[in-house]
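# Coordinates in review
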Amino acid sequence: MVDFYYLPGSSPCRSVIMAAKAVGVELNKKLLNLQAGEHLTPEFLKINPQHTIPTLVDNGFALWESRAILVYLVEKYGKTDSLYPKCPKKRALINQRLYFDMGTLYQSFANYYYPQVFAKAPADPEAFKKIEAAFEFLNTFLEGQTYVAGDSLTVADIAILATVSSFEVAKFDISKYANVNKWYENAKKVTPGWDENWAGCLEFKKYFD
Ligand SMILES: N[C@@H](CCC(=O)N[C@@H](CS)C(=O)NCC(=O)O)C(=O)O
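Residues numbered from 1 in each chain as written. Predicted model: local features only at pLDDT ≥ 70, side-chain atom pairs only at ≥ 80, totals over all residues. Heavy atoms only, no water.

Note the cut-off: UniProt positions are given in the numbering used here, feature names are shortened, and annotations may be inferred rather than shown by experiment.
For the protein chain, the name recorded in an unreviewed UniProt entry is Glutathione S-transferase D1, with Drosophila mojavensis as its organism. As stated in UniProt under Sequence similarities (unreviewed entry), the record for the protein chain gives "Belongs to the GST superfamily." Recorded under Subunit (unreviewed entry), the UniProt text for the protein chain is reproduced unchanged: "Homodimer."

Here is the structure:
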């Protein structure tokens with residue numbers, strides 16, 4: 001039994017949903033209402049002292065950090081290694097993209113939008129420039145290739161797809177970045193679980209309307 005603590009709108013949770021679908025793992029979904037502080041209860045803190053979602057509990061084994069979860073799901077349950085190939089160079093590139101997503105792309109989203117959405121702060125133009133820079137980087141990575149880490153779909157695409165769909169919901173103009181735009185339209189079609197990701201995005205959308 002794989003328990004999954006999550007919220008449908010949360011971008012890192014959505015990436016786990018897509019990866020689980022891709023490897024055929026059924027998640028026993030447990031909604032965690034952050035606004036009600038359900039992540040701060042003694043029971044949940046015992047599972048994840050860092051109190052973040054997504055959190056996975058696979059037969060008693062607890063894991064959080066979405067990108068670590070993606071890799072775990074593929075290594076433990078993938079019928080092939082295609083989403084996270086064993087080849088050291090391919091894997092290194094995938095890791096680079098995962099860290100890029102966590103530290104640069106998703107971070108730029110959080111730094112610019114979260115203060116506006118959750119604290120009603122004014123938009124910070126410097127933080128917006130960081131988003132544009134991150135998209136320029138991603139656009140460059142995608143030059144001449146179909147997927148973010150090469151010629152096939154990997155967990156890096158899944159993580160970045162969850163992030164880029166959040167940008168779409170936030171009305172960031174992705175179309176300015178031709179390679180990203182092309183990748184995004186394709187990734188939507190070929191990534192298992194995209195529909196559920198988008199349904200989660202629509203729950204998140206209310207913050208941007
Ligand atoms: N880097 C983490 C970020 C997880 C994260 O910050 N999740 C948010 C919801 S989207 C959360 O749990 N916030 C509650 C908290 O940090 O106490 C990941 O990718 O899993």
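### What about the site of the ligand?
Quick note on the threshold: One heavy atom suffices: a residue is near a molecule or strand as soon as one of its heavy atoms comes within 4 Å of it. Polar contact is defined as a pair of N or O atoms within 3.5 Å, subject to the rule that within protein one atom must be able to donate a hydrogen and the other to accept it, and that residues adjacent in sequence are counted only when both atoms are side-chain atoms. In this analysis, the protein atoms alone were mapped onto a 1 Å grid. Cavities are point sets where a 1.4 Å probe fits without being able to get out; pockets are open sets with protein on both sides within 12 Å along at least five of seven lines; lining residues have an atom within 4 Å of a point. Put plainly, a molecule is in a cavity or pocket when over half of its atoms are within 2 Å of the grid points there. Note that Gly is not counted as nonpolar here; it falls among the polar residues with everything else outside the nonpolar set of Ala, Val, Leu, Ile, Met, Phe, Trp, Tyr, Cys and Pro and the charged set of Asp, Glu, Lys and Arg.
By nearness alone, every residue bordering the ligand is listed as Ser10, Pro12, Leu34, His39, His51, Thr52, Ile53, Pro54, Glu65, Ser66, Arg67 and Met102. A distance of 3.4 Å separates an oxygen atom of the ligand from a polar side-chain atom of His39. Here His51 contributes a side-chain N or O atom positioned 2.8 Å from an oxygen atom of the ligand. When each cavity is represented as a set of grid points, the ligand is found to reside in the largest pocket. Among the residues making up the shell around the ligand, the classes are represented as five nonpolar, five polar and two charged.

### Remarks on the pattern of salt bridges
The cut-off we apply is this: The salt bridge criterion pairs a side-chain nitrogen of Lys or Arg with a carboxyl oxygen of Asp or Glu, the two atoms within 4 Å. Comment: elements are numbered from the N terminus, with helices defined as DSSP H or I runs of at least four residues and strands as E runs of at least two.
Under the defined criterion, the tally for this structure stands at ten salt bridges. Here Lys76 ties to Asp58 by a salt bridge, and the two come within 3.3 Å at their closest N and O atoms. Note that Lys76 is positioned in helix α3 (residues 66-77) and Asp58 in strand β3 (residues 55-58), a separation of 18 residues in sequence. A salt bridge links Asp209 to Lys171, with the shortest nitrogen-to-oxygen separation between them at 3.4 Å.

### Quick look at the packing of helix α4 (residues 88-119) against helix α6 (residues 155-169)
The criterion, for reference: An axis is simply a line fitted to the C-alpha atoms; with a helix, the fit covers only the stretch in contact. Between two such axes, the angle follows the N-to-C directions and lies from 0 to 180 degrees. An angle below 35 degrees is treated as roughly parallel, one above 145 as roughly antiparallel, one from 65 to 115 as roughly perpendicular, and anything else as oblique. By definition, any crossing whose near helix is turned counterclockwise from its far helix by less than a right angle is left-handed, and any crossing with a clockwise turn is right-handed. Residue contacts are defined here by distance: any two heavy atoms, one from each residue, within 4.5 Å place the two residues in contact.
Put simply, α4 and α6 touch, their axes get as near as 9 Å, and they point 15° apart. Our classification of the angle between α4 and α6 gives roughly parallel. Between α4 and α6 the crossing geometry is left-handed. Here α4 contributes Ile94, Arg97, Leu98, Phe100, Asp101, Leu105, Tyr106, Ser108, Phe109 and Tyr113 to the contact with α6, which in turn contributes Val155, Ala156, Ala159, Ile160, Thr163, Val164, Ser166 and Phe167. Here the residues of the contact of α4 with α6 are counted per class, giving 13 nonpolar, three polar and two charged.

### Comments concerning the environment of Leu93
By the secondary structure assignment, Leu93 is in helix α4. In this structure, the C-alpha to C-alpha distance between Leu93 and Gly150, residues 57 residues apart in sequence, is 8.4 Å.

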